[in-house]
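This is what each chain is made of:
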Amino acid sequence: MKKLLVFLKDYKKETVFAPLFKMLEAGFELFVPLVMAAVIDRGIAQSDISYVLKMGLVLVALGLIGLTCSITAQYFAAKAAVGFSTQMKHALFAHIQSLSFSEMDTLGTSTMITRMTSDANQVQNGVNMVLRLFLRSPFIVFGAMVMAFTIDVKAALVFVVTIPILSIVVFGIMMITMPLYKKVQASLDKVLGKTRENLTGVRVIRAFHKEEQETEEFEQGNQTLTHMQLFVGKISALTNPVTYIIINVATIVLIYTGAVQVDTGYITQGEVVALVNYMSQILIELVKLANLIITITKALACANRIENVFALESSMEWKASHDGSKKQDAYAVEFEHVCLTYQGAGAESLSDIDFKVEKGETVGIIGGTGSGKSSLVHLIPRFYDASKGSVRIDGIDVKDYGMEQLRNKIGMVMQKAVLFQGSIEDNLRWGKQDASAQELEEALRIAQAKDVVDSKPKGLKERIAQGGKNLSGGQRQRLTIARAIVKKPEILILDDSASALDYATDARLRKAIREMDGKTTVFIVSQRTSSIQYADKIIVLEDGKVAGIGTHEELLASCEVYQEIHYSQS
């Protein structure tokens, strides 16, 4: 939690005023029993109506002042808590964006969503409650005890015994429940992961009629979460009844002791009432404190989980930028004995990959499922770092580029076509914010996506649903290709991004890409030999190793793996 407190630095005034006004409210509240004692001992005992009315006005004034202080404190506490949460979420989101694919794979999507939502809200609630009650409740408890001593030392000894016993109960329960709440949040991660998986794959689930099975698995996970929540809830629930029992016993002892003192004439009836009121104040505040401890326990558990994300550093270090100079006669892309081992993997995904690509060349990459095609092209924009060897662009190692400098050179179209909520134009401008209408039109023409836009009533202004769900798979793929082409990158990577296109559209797309300016180096990852047969160079992968490099004709004559793929398709 300490590391997260930095997000409160802009709210120093609020973090001071919130508890301060709560302390003022508590101070006025401590005078109420004394006023009541005076009303009983002087006003009622002596039938002095004017005194009773005067003290009644004092009570009203104390109440109004306390209410004003309370509202002011709540305002400052809410402002600090919401501001703290906002800054923390911004920083957390930015930190997650800075992580490499390796860390993103390790964390998992559902875990990151939980940290950004449920955990962040728990921490915000904890900050709010702490600012409001963390000082007020102990102040009332000890203040009431001090006031009790000013009335009668013997009766006040009951407070001295009661408060430590209550503290042991409250903090003992806190120590037991804190690790349990961490397990509850971890279980919540699993339930959210299952939920996300089912919602994103709902069509597949229904296609295979697996609704009942998935529902059963969800119920099992949810039941486990429920049992854990009930278990920790039962322990937390012990706080209130145990504290009430202790307080009630203390009140009985206090009344008995006070009655004896009244009989001897040592204290008055009003003072006994004041002592009981102080005991009631302690009861109320300790119950509040117990609930606050539970809230703090949850908040600390969630804060630790958020801190764990902040503590996770990217495995990649980026330089500020390269001077931009290119080596003379350098290759557009060069792999020099590159190996790749994913984090936590036991074996290499790529082994000794070595090839060179001239500027303007079109390179086809083909191989069986799991052969390492996507892994290879992901090394070019440095989504992952090579565990051995080096990847160079324009003769410069990709590790020597700045992030923006490197990514601006590359246009990437992933296997899964991802579009975002907004208009078609908004999505295309991800490639280039200041692209002209002519540039957008040209990119759509090359990507064979012009008919997609023309078929929409609003054209480029047509709204796209989340994930592009109001478009077909082929339409999404063509628009994502257009988005990359708008960028006019030096290197264009199409990672099996035409799999949903028919052969005729695929052929027109490849022809249009070949007829581009001739300066763009193109990598086409595909499962189909027809998609890459006209490439200047084809790299055949098998089990993460290069099985052959050459043209279509050369590979048909010399590479058994390529022959098998080609003839199985034709």
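Keep in mind it's a predicted model, so treat the numbers as computed, not measured.

Visitor: It is not clear to me how the side chain of His 566 should be interpreted in this structure. Could you clarify?
Guide: Relative to the helices and strands, His 566 is located in helix α20 (residues 560-569). Judged by its relative accessible area of 14%, His 566 falls in the buried class.

Visitor: I would appreciate a short explanation of the pattern of salt bridges in the present structure.
Guide: Once the charged atoms of two side chains with opposite charge are near each other, the side chains can pair. All told, the structure shown has 31 salt bridges when counted by the stated rule. Of the charged contacts in the structure, one is a salt bridge between Lys 461 and Glu 425, with a shortest N-O distance of 2.7 Å. Here Glu 425 lies in helix α13 (residues 424-428) and Lys 461 lies in the loop between α15 (450-454) and β8 (463-464), a separation of 36 residues in the sequence. Each of Lys 22, Glu 25, Glu 29, Arg 136 and Glu 285 takes part in one network of salt bridges that share partners.

Visitor: I keep staring at the pairing of strand β4 (residues 388-393) and nothing clicks. Help me out?
Guide: Within a regular strand, side chains alternate between the sheet's two faces. Sheet topology note: the strand β1 (residues 333-340)/β4 ladder contains five bridges and is antiparallel. Across the sheet, Cys 339 pairs through a bridge with Lys 388, a residue of β4. In this sheet, strand β5 (residues 396-397) lies alongside β4 in antiparallel orientation, the contact comprising two bridges. By the bridge assignment for β5, Ile 393 is matched with Ile 396. With antiparallel pairing between neighbouring strands as the criterion, β4 and β5 make up a hairpin whose turn holds two residues, including Asp 394 at a positive phi of roughly 55°.

Visitor: How should the environment of Ile 151 be read in this particular structure?
Guide: Positionally, Ile 151 belongs in helix α5 (residues 136-151). Here Ile 151 falls in the buried class, since its relative accessible area comes to 13%. Considering only alpha carbons, one finds Ile 151 and Leu 34, 117 residues apart in sequence, at a separation of 9.3 Å. Excluding anything up to four places from it in sequence, Ile 151 contacts Leu 34, Ile 267, Glu 271, Ala 274, Leu 275 and Tyr 278.

Visitor: Teacher, can you tell me more about the nonpolar core here?
Guide: Note that soluble globular proteins tend to have their nonpolar side chains buried in a common cluster. Within the largest apolar cluster, 51 residues are counted, with the highest numbers of intra-cluster contacts made by Phe 159, Ile 247, Leu 275, Tyr 278, Met 279, Ile 282 and Leu 286. At the level of secondary structure, the elements contributing two or more residues to this core comprise α1 (12-44), α4 (109-133), α5, α6 (153-200), α8 (211-237), α9 (239-263) and α10 (269-311). Ranked by residue count, the leading element in this core is α10, at 16 residues. Ranked by size, the runner-up nonpolar core spans 41 residues in total, among them Val 453, Leu 501, Ala 535 and Ile 565.

Visitor: What's the story with the packing of aromatic side chains in this structure? I'm lost.
Guide: Under the criterion given, the structure shown has 11 aromatic pairs. Pairing Phe 17 with Phe 76 gives two aromatic rings, centres 5.4 Å apart and planes at 40°, and the pair type is tilted. Linking Phe 17 in helix α1 with Phe 76 in helix α2 (residues 49-98), this pair joins segments that are 59 residues apart in sequence. When its relative accessible area of 31% is taken as the criterion, Phe 17 is described as partly exposed. The class of Phe 76 is buried, set by a relative accessible area of 13%. Among the aromatic residues, those joined into a ring-pair cluster are Phe 17, Phe 21, Tyr 75 and Phe 76. Above the plane of the ring of Trp 318 lies Arg 382, whose end atom (NZ or CZ) is 4.5 Å from the centre. Here the guanidinium or amino end of Arg 528 rests over the ring plane of Tyr 503, the centre of that ring lying 4.6 Å away.

Visitor: Explain the sheet that holds strand β9 (residues 491-495) to me, please; I cannot follow it from the model alone.
Guide: Taken in spatial order, the six strands make up an open sheet running β6-β9-β10-β3-β11-β12, and their pairing is mixed. Only two strands of the sheet have a single neighbouring strand rather than two, namely β6 (410-413) and β12 (545-550). Direction aside, neighbouring strands of the sheet carry axes that sit 15° apart on average. Sheet analysis places strand β3 (residues 362-367) next to strand β10 (residues 521-525), joined by four bridges and oriented parallel. Bridge pairing in β10 places Ile 365 opposite Val 525. Most of the contacts of α20 go to strand β11 (residues 537-542), to which it runs at about 95°, and overall it touches β3, β11 and β12.

Visitor: Is there a simple way to explain the state of the cysteines in this structure?
Guide: Evaluated as defined, the whole model comprises zero disulfides. Looking at the unpaired Cys 339, the closest cysteine sulfur is the one in Cys 559, lying at 20 Å. On the basis of relative accessibility, which here comes to 8%, the residue Cys 339 falls in the buried class.

Visitor: Hey, could you run me through the sheet that holds β4 in this one?
Guide: In sheet architecture, strand pairing relies on hydrogen bonds along the backbone and comes in two forms, parallel and antiparallel. Strand order across the open sheet formed by four strands is β2-β1-β4-β5, with antiparallel pairing between neighbours. The open sheet has two free edges, formed respectively by β2 (350-357) and β5, since each of these has just one partner strand. Bridge count for β1 against β2 is five bridges, and the pairing is antiparallel. Bridging across to β2, Val 338 finds its partner in Ile 353.

Visitor: Help me understand the packing of α4 against α10 in this model?
Guide: Packed helix pairs are characterised by how far apart their axes lie and by the angle those axes make with each other. Where α4 meets α10, the axes come as close as 8 Å, and the angle between the chain directions of the two elements is 140°. Taken as axis vectors, α4 and α10 run oblique relative to one another. As for the relative orientation of α4 and α10, their crossing is left-handed in sense. On the side of α4, the interface is formed by Thr 114, Arg 115, Asp 119, Ala 120, Gln 122, Val 123, Asn 125, Gly 126, Met 129, Val 130 and Leu 133, while α10 contributes Lys 288, Leu 292, Thr 295, Ile 296, Lys 298, Ala 299, Cys 302, Ala 303, Arg 305, Ile 306 and Val 309. Residue composition of the contact of α4 with α10, grouped by class: 12 nonpolar, five polar and five charged.

Visitor: What's the story with unusual backbone geometry in this structure? I'm lost.
Guide: The backbone phi angle of Asp 394 is positive, close to 55°, even though this residue is not glycine. Structurally, Asp 394 can be placed in the loop between β4 and β5. Of the residues examined, Asp 394 reaches a relative accessible area of 3% and is grouped as buried. With phi around 50°, Asp 496 is a residue other than glycine that occupies positive phi space.

Basis of the calculations
Residues numbered from 1 in each chain as written. Predicted model: local features only at pLDDT ≥ 70, side-chain atom pairs only at ≥ 80, totals over all residues. Heavy atoms only, no water. Helix = DSSP H or I, 4+ residues; strand = E, 2+ residues; numbered from the N terminus. Buried < 20%, exposed > 50% of the residue type's maximum accessible area, 1.4 Å probe, protein only. Salt bridge = Lys/Arg side-chain N within 4 Å of Asp/Glu carboxyl O. Pairing = 2+ DSSP bridges. Contact = heavy atoms within 4.5 Å. Core = buried A, V, L, I, M, F, W, Y, C linked by side-chain atoms within 4.5 Å. Phe/Tyr/Trp six-rings, centres within 6.5 Å; stacked < 30°, edge-to-face > 60°. Lys NZ or Arg CZ within 6 Å of the ring centre and 35° of its normal. Axes fitted to C-alpha atoms, helices over the stretch in contact; angles between N-to-C directions. Disulfide = S-S within 2.5 Å. Parallel < 35°, antiparallel > 145°, perpendicular 65-115°, else oblique. Left-handed = near helix turned anticlockwise from the far one by under 90°. Nonpolar A, V, L, I, M, F, W, Y, C, P; charged D, E, K, R; others polar.

Geometry only, nothing functional implied.
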